[in-house]
Amino acid sequence: MRSYLFLLFLLPLTVMANPPVWSRTGHRVVGEIAQQHLSRKAQKAVARILKGEGLAEVANYADDIKSDTSYRRFGPWHYVNFPLDKAYTEVTPSPNGDVVAGIRFCIETLKSDTTTPEDEAFYLKMLVHLVGDLHQPMHVGRAEDRGGNDIQLQWFDRGSNLHRVWDSEMIDDYGMSYTELAGSLPRWNRAQIKAVQQGDVLDWVEEIQEVSKEVYESVSVGEKLYYRYRYTWWDTVEEQLLRGGLRLAAVLNDIYG
Ligand code: ADE
Ligand code: ZN
Ligand code: ZN
């Protein structure tokens with residue numbers, strides 16, 4: 001009986017300790033796409049800083065350290081919530097930081113020539129992850145439902161929520177490896193790639209918040225989602241992964257140009 005009770009207490013704890021995250025596969029795809037679009041100089045710098053590891057391999061580091069309380073202050077860096085009918089710049093930024101401030105901080109730190117090798121590796125890994133998170137539409141969300149986490153849904157007859165569907169359910173159900181998924185993304189021509197790499201993180205947030213609004217409108221609370229939902233939204237998932245990867249490459253090519 002005692003061990004039963006113990007399990008009952010443990011269950012909600014394990015659920016809370018494992019908040020849904022933009023699929024591990026999704027983050028690796030973003031890293032892989034970026035790796036394929038690095039300049040020679042950036043490739044060399046990345047290999048040096050990461051001691052030979054690639055961007056796909058380090059893409060989930062920022063989620064892995066979440067369970068370590070000494071990294072707690074980086075928790076709010078994974079997302080940004082604000083009223084989606086406003087511009088990010090119109091709203092007072094959270095004093096705890098957000099994904100926009102996080103990305104900017106990483107870029108600044110990586111550009112500085114007083115950064116230690118340890119910090120260089122740390123903030124490069126953070127950057128790879130955060131650019132991925134930024135492109136998960138529900139990571140640019142509304143505070144009142146915590147980026148869709150509080151919008152309960154059924155995904156193939158199991159309890160889920162809108163945030164989780166976009167973080168992981170759609171991608172993971174496919175069962176593709178990150179290399180398979182990266183290889184199956186649409187091929188964009190040079191002009192398309194250049195167009196997507198234009199601008200900075202503020203421009204990207206503005207674009208992603210429009211996608212986010214559509215995603216919010218794509219369901220009603222309690223809805224039962226099946227194949228049809230993924231069929232409808234898969235092109236958007238792919239496009240967000242591509243945009244994330246190409247923009248990460250642009251940022252790194254600029255830093256290490
Ligand atoms: N927690 C609160 N809001 C969130 C969001 N938009 N994404 C991920 N985690 C969150
Ligand atoms: Zn998430
Ligand atoms: Zn994250």
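Above this text sits the structure in question.
Rules used in this analysis
Residues numbered from 1 in each chain as written. Chains lettered and ligands numbered in written order. Predicted model: local features only at pLDDT ≥ 70, side-chain atom pairs only at ≥ 80, totals over all residues. Heavy atoms only, no water. Phe/Tyr/Trp six-rings, centres within 6.5 Å; stacked < 30°, edge-to-face > 60°. Lys NZ or Arg CZ within 6 Å of the ring centre and 35° of its normal. Donors = N, O, S within 2.8 Å, 3.2 Å for Na, K, Ca; no water. Helix = DSSP H or I, 4+ residues; strand = E, 2+ residues; numbered from the N terminus. Buried < 20%, exposed > 50% of the residue type's maximum accessible area, 1.4 Å probe, protein only. Contact = heavy atoms within 4.5 Å. Axes fitted to C-alpha atoms, helices over the stretch in contact; angles between N-to-C directions. Left-handed = near helix turned anticlockwise from the far one by under 90°. Nonpolar A, V, L, I, M, F, W, Y, C, P; charged D, E, K, R; others polar. Near = heavy atom within 4 Å. Polar contact = N/O pair within 3.5 Å; in protein donor to acceptor, adjacent residues only side chain to side chain. Areas by Shrake-Rupley, 256 points an atom, 1.4 Å probe, with all protein chains shown as cover.

Quick notes on the packing of aromatic side chains
Aromatic ring pairs are defined here through the distance separating the ring centres and the angle between the ring planes.
Turning to step 1, where the next piece is worked out: Per the stated rule, a full pass over the model turns up 15 aromatic pairs.
Turning to step 2, where the next piece is worked out: Taken together, Tyr-61, Tyr-71, Phe-74, Trp-77, Phe-105, Phe-122 and Tyr-123 form an aromatic cluster joined through their ring pairs.
Turning to step 3, where the next piece is worked out: A cation over an aromatic ring shows up here: Lys-125 above the ring of Tyr-61, its NZ or CZ 4.3 Å from the ring centre.
Turning to step 4, where the next piece is worked out: One residue, Arg-142, lies across the ring of Tyr-216, its end atom 4.0 Å from the ring centre.

Description of the coordination of the zinc ion (ligand 3)
Turning to step 1, where the next piece is worked out: Around the zinc ion (ligand 3), the protein supplies His-78 (ND1), His-129 (NE2) and Asp-133 (OD) as donor atoms, at distances of 2.0 to 2.2 Å.
Turning to step 2, where the next piece is worked out: All donors of the zinc ion (ligand 3) come from a single chain, and their spacing in sequence reads H-x50-H-x3-D.
Turning to step 3, where the next piece is worked out: Distance-wise, the zinc ion (ligand 2) is placed 6.0 Å from the zinc ion (ligand 3). Separated by 55 residues along the polypeptide, His-78 in the loop between helix 5 (61–64) and strand 1 (80–81) and Asp-133 in helix 7 (residues 117–134) bring together distant segments of the chain. As far as burial versus exposure is concerned, His-78 and Asp-133 are alike and both buried.

Some words on the side chain of Arg-243
Turning to step 1, where the next piece is worked out: Relative to the helices and strands, Arg-243 resides in helix 12 (residues 227–256).
Turning to step 2, where the next piece is worked out: Other than its neighbours up to four places away in sequence, Arg-243 contacts His-135, Trp-188, Val-196, Glu-207 and Val-211.

Here we look at the coordination of the zinc ion (ligand 2)
Turning to step 1, where the next piece is worked out: Around the zinc ion (ligand 2), the protein supplies His-139 (NE2), His-163 (NE2), Asp-167 (OD) and Asp-167 (OD) as donor atoms, at distances of 2.1 to 2.6 Å.
Turning to step 2, where the next piece is worked out: Each donor residue of the zinc ion (ligand 2) lies on the same chain, and together they follow the pattern H-x23-H-x3-D.

Overview of the packing of helix 7 against helix 12
Turning to step 1, where the next piece is worked out: Between helix 7 and helix 12, the least distance of the axes is 9 Å, while the angle of their chain directions is 145°. The handedness of the crossing between helix 7 and helix 12 comes out as right-handed. Contacts from Leu-124, Leu-127, Val-128 and Val-131 in helix 7 reach Gly-244, Leu-248, Val-251, Leu-252 and Ile-255 in helix 12.
Turning to step 2, where the next piece is worked out: Tallied by class, residues from the contact of helix 7 with helix 12 come to 8 nonpolar, 1 polar and no charged.

Overview of the packing of helix 3 (residues 40–49) against helix 7
Turning to step 1, where the next piece is worked out: Two numbers describe how helix 3 lies on helix 7: the axes approach to 9 Å, and their chain directions differ by 115°. Taken together, the residues of helix 7 that come into contact with helix 3 (itself represented by Val-46, Arg-48 and Ile-49) are Glu-120, Ala-121 and Leu-124.
Turning to step 2, where the next piece is worked out: Taken together, the residues of the contact of helix 3 with helix 7 sort by class into 4 nonpolar, no polar and 2 charged.

A word on the site of ligand 1
Turning to step 1, where the next piece is worked out: Around ligand 1, the surrounding shell consists of Tyr-79, Asn-81, Met-138, Arg-146, Gly-147, Asn-149 and His-163.
Turning to step 2, where the next piece is worked out: One of the side-chain nitrogen or oxygen atoms of Asn-81 is found 2.8 Å away from a nitrogen atom of ligand 1.
Turning to step 3, where the next piece is worked out: Within the backbone of Met-138, a nitrogen or oxygen atom sits 3.1 Å from a nitrogen atom of ligand 1.
Turning to step 4, where the next piece is worked out: Contact with the protein chains hides 84% of the accessible area of ligand 1, taken as 260 Å² for the molecule alone.
Turning to step 5, where the next piece is worked out: Of the residues assigned to the shell around ligand 1, the class counts are 2 nonpolar, 4 polar and 1 charged.

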